[in-house]
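One letter stands for each residue in the lines below.
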Amino acid sequence: MSRIEAARAILAANDRGGYTVPTNRLYPFQWNWDSAFVAMGWATFDFDRAWREIERLLEGQWEDGLVPQIVFHAPSEDYFPGPAVWGIARTPPTSGIPQPPVLATAARFVLERHGEDGIARARAIYPKLVANHLWWQRARDPDDTGLVATLHPWETGMDNSPAWDAALERVPTETQTEIRRRDTGHVDAAFRPRGVEYQRFIHLVDLFRGTGWDAVRMLQLSPFKVADVGTNAILLRAERDLLALAERFGTAEERDTIASRIARKETVIAGLWDEPLGHYLTRDLIGGGLIPVRTSAGFLPLFAGLHDHAAALAERIDAWRRRGIGLVPSTDPDAASFEPQRYWRGPVWAVVNWMIARGLREAGLDATADSVASETRRLIGDAGFSEYFNPIDSAGIGGGTFSWTAAIDLLLGEEAQR
Ligand code: DGY
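First things first, this report covers the structure right here in the doc. Everything numeric in this text was worked out from a predicted model, so none of it was measured.

1. Remarks on the overall build of the protein chain
The helix and strand tally for the protein chain stands at 17 helices and eight strands. Taken against the 2.2 N^0.38 rule, which gives 22 Å for 418 residues, the C-alpha radius of gyration of the protein chain at 20 Å falls within 12% of a compact globule. Projected onto the principal axes, the alpha-carbon positions of the protein chain cover approximately 50 × 50 × 45 Å. With 418 residues in all, the protein chain has 61% of them scored as buried. Sequence-distant contacts in the protein chain: of pairs separated by 6 or more residues, those separated by 24 or more amount to 70%.

Next comes the structure, spelled out in structure tokens:
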């Protein structure tokens, strides 16, 4: 089987009927940002299926515009916390928090490849994307600061990043819900978040469920509140992609609103640059300061089109490459908190690399973009379509046969041909 066929076969094997699970058993439902990347992967060989991925995710959208982190299309005992813990009476059931909003970027990507034949599908999706971006504004930035708040580490997709350690200390470890982890039954516990982190993750879910998932109260009550540089950068990129869709499908008023959000975000995300650490950082919205931990999320302003510090960021990546460190580690390998094989505390993710490489390329830093892209392909080629990779010994870790890794391999494989 060729590499392309192998990647396509993973998407096909993880297809559960118009939506793709991230991997069998460990993640048995539809995840929000996974599906956005996976839709782009499908678009390399099956446009109908690419649109279906997005449409099925949007079946979980709430009336207020939230596109939840998980859509529980079919029951499974393989995952904790399942729908009963979230306690959200919807069909299909969903979780009650967002994930990084890659969806408008994915929709634009699929449309641009599909061309005129994709217009009807994109037109139907467009108002839902508009509603989703308005949700971010209303629910997570009601004071119009330009930065959206994150209330749960799961919302960032980077669950146990060391950037959350200090802010997460404020979250009590007591839970109403009994913790019955399933993840460590599927993969080695050494690759996964620690028990105390799960206690805090579930404390937050219990707290939010107690508000009836009221967005205003959640924002007021959450003891964890950060302006995640990753989420904000991805949202700024998504706003630009939404504006491109609005040029075709939207009203003049919508375009003006999106353009003014973009202008505001450009200014405030630029303010997340920390000169002493030479990196973009997350702001702790309770403690007030920038969180002094360099993570891969801090490269994502490049993907958002902020290029002022592109050369310095590229130089850090080049220096890691010269030392033989697999690109791009999720935590700075020189940080005390770096753990090369534990979830989001060191390993490399193909999806993050794809965004970083794209940002570098758009900033005109082709050599570093090529390094990140070819390194991603090397890791996947050597270790398989794993969930993530150890940047020190290049081992594939976490779940195997992972959908978004396969999707990114398809995208990077095509880009390498150009
Ligand atoms: C998990 O359960 O590990 C996920 O990352 C939550 O989205």
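2. Quick notes on the site of the ligand
Taken together, Tyr27, Trp31, Gln69, Tyr79, Gln99, Trp154, Asp159, Arg192, Tyr198 and Tyr343 are the residues near the ligand. Note that an oxygen atom of the ligand is positioned 3.4 Å from one of the side-chain N or O atoms of Tyr27. Between an oxygen atom of the ligand and a side-chain N or O atom of Arg192, the distance comes to 2.8 Å. For the ligand, whose accessible area on its own is 230 Å², the fraction buried by protein is 96%.

3. Considerations on the nonpolar core
Trp33, Phe37, Ile54, Trp213 and Trp354 are the most contacted members of the largest nonpolar core, which totals 137 residues. Considering every element that reaches this core, the biggest residue donor is helix α12 (residues 229–249), with 11 residues. With residues near it in sequence (within four places) discarded, Ile54 still touches Ala39, Leu103, Ala106, Ala107, Val110 and Ile125.

4. Regarding the packing of helix α16 (residues 366–383) against helix α17 (residues 403–417)
Where α16 contacts α17, the axes come no closer than 10 Å and their chain directions differ by 130 degrees. Here α17 runs oblique to α16, going by the angle between their axes. The handedness of the crossing between α16 and α17 comes out as left-handed. Contacts from Ala373, Thr376, Arg377 and Ile380 in α16 reach Thr405, Ile408, Asp409, Leu412 and Gly413 in α17.

5. Considerations on helix α6 (residues 119–140)
Taking 1.5 Å per residue, 22 residues should reach 32 Å; α6 reaches 31 Å between its end C-alpha atoms and fits that length. Among the residues of α6, those classed as buried are Ile119, Ala122, Ile125, Tyr126, Leu129, Val130, Asn132, His133, Trp135, Trp136, Ala139 and Arg140.

6. Let's talk about the packing of aromatic side chains
A complete count under the given rule lists 31 aromatic pairs for this structure. Both rings, one in Tyr27 and one in Trp31, keep their centres 5.0 Å apart while their planes meet at 75 degrees; by these two values the pair is edge-to-face. Neither residue differs from the other here; Tyr27 and Trp31 are each classed as buried. Taken together, a centroid distance of 5.9 Å and an interplanar angle of 80 degrees make the contact between Phe37 and Trp404 edge-to-face. Taken together, the residues span a long stretch of sequence, with Phe37 in helix α2 (residues 32–42) and Trp404 in helix α17 at a distance of 367 residues. Each member of the pair Phe37 and Trp404 is classed as buried. An aromatic cluster of three or more residues is present, and its members are Tyr27, Phe29, Trp31, Trp33, Phe37, Phe72, Tyr79, Phe109, Phe303, Trp354, Phe402 and Trp404. Stacked on the ring of Tyr343, the Lys or Arg Arg192 has its end atom at 4.4 Å from the ring centre. The side chain of Arg237 reaches across the aromatic face of Phe303, ending 4.5 Å from its centre.

The rules behind each value
Residues numbered from 1 in each chain as written. Predicted model: local features only at pLDDT ≥ 70, side-chain atom pairs only at ≥ 80, totals over all residues. Heavy atoms only, no water. Helix = DSSP H or I, 4+ residues; strand = E, 2+ residues; numbered from the N terminus. Rg over C-alpha atoms; globule rule 2.2 N^0.38 Å. Buried < 20%, exposed > 50% of the residue type's maximum accessible area, 1.4 Å probe, protein only. Contact = heavy atoms within 4.5 Å. Near = heavy atom within 4 Å. Polar contact = N/O pair within 3.5 Å; in protein donor to acceptor, adjacent residues only side chain to side chain. Areas by Shrake-Rupley, 256 points an atom, 1.4 Å probe, with all protein chains shown as cover. Core = buried A, V, L, I, M, F, W, Y, C linked by side-chain atoms within 4.5 Å. Axes fitted to C-alpha atoms, helices over the stretch in contact; angles between N-to-C directions. Parallel < 35°, antiparallel > 145°, perpendicular 65-115°, else oblique. Left-handed = near helix turned anticlockwise from the far one by under 90°. Expected span 1.5 Å × (residues − 1). Phe/Tyr/Trp six-rings, centres within 6.5 Å; stacked < 30°, edge-to-face > 60°. Lys NZ or Arg CZ within 6 Å of the ring centre and 35° of its normal.

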